[in-house]
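# Geometric and topological summary
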Amino acid sequence: MSGTEKSKAHIEQAKGKAKEAMGRMVGNQRMTAEGRADQAKGNARHAKEDIKDSFRH
């Protein structure tokens, strides 16, 4: 997996977790949903890179 893509995926996942937790803490459903969406984008990026890596080897 590319180092930059891997780090972007991890950053998106962490940002999403933080946003989701903050949304739950203040009772903001929209922020919670945005956090989940950010996590999903990070997971998708990670999966895409895993697939690319499987074809390289």
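Here's a quick rundown of the structure. Here the structure is a predicted model, which means the values were calculated and not measured.

We now examine the environment of K15. If you trace the backbone, K15 turns up in helix α1 (residues 3-26). Sequence separation between K15 and D38 is 23 residues; the distance between their C-alpha atoms is 7.0 Å.

Structural remark: α-helix, 3.6 residues per turn; residues separated by three or four positions point the same way. Its 28 residues place the ends of helix α2 (residues 29-56) 41 Å apart at the C-alpha level, agreeing with the 40 Å of an ideal helix rising 1.5 Å per residue. Taken together, the buried residues of α2 touch α1. Its side-chain oxygen 3.0 Å from the backbone nitrogen of R30, N28 forms the N-cap of α2.

Along the chain, the position of E20 falls in helix α1. A relative accessible area of 13% places E20 in the buried class. Of note is the side chain of E20, whose polar atom sits 2.6 Å from the side chain of Q39. Here E20 is in contact with M31, T32, G35, R36 and Q39, once residues within four sequence places are set aside.

Here we come to a nonpolar patch on the surface. A surface patch of nonpolar side chains, amounting to about 320 Å² of accessible area, comprises M22, M25 and V26. By the element assignment, M25 lies in helix α1. Classification of M25 by relative accessible area gives exposed; the value is 63%.

This next bit is on the pattern of salt bridges. All told, the structure shown has 11 salt bridges when counted by the stated rule. A salt bridge links K48 to E49; its shortest N-O distance comes to 4.0 Å. The partly exposed category is assigned to K48, whose relative accessible area is 42%. Relative accessible area serves as the criterion here: at 1%, E49 is assigned to the buried category. Between E49 and K52 there is a salt bridge, and its shortest N-O distance comes to 3.2 Å. Here E49 pairs with K52, and both are found in helix α2, just 3 residues apart, close to one helical turn. Using a relative accessible area of 36% as the deciding quantity, one classes K52 as partly exposed.

About the criteria used
- Residues numbered from 1 in each chain as written.
- Predicted model: local features only at pLDDT ≥ 70, side-chain atom pairs only at ≥ 80, totals over all residues.
- Heavy atoms only, no water.
- Helix = DSSP H or I, 4+ residues; strand = E, 2+ residues; numbered from the N terminus.
- Expected span 1.5 Å × (residues − 1).
- Contact = heavy atoms within 4.5 Å.
- Polar contact = N/O pair within 3.5 Å; in protein donor to acceptor, adjacent residues only side chain to side chain.
- Buried < 20%, exposed > 50% of the residue type's maximum accessible area, 1.4 Å probe, protein only.
- Patch = residues over 30% accessible without salt bridge, like charges linked within 9 Å, V, L, I, M, F, W, Y side chains within 5 Å.
- Areas by Shrake-Rupley, 256 points an atom, 1.4 Å probe, with all protein chains shown as cover.
- Salt bridge = Lys/Arg side-chain N within 4 Å of Asp/Glu carboxyl O.

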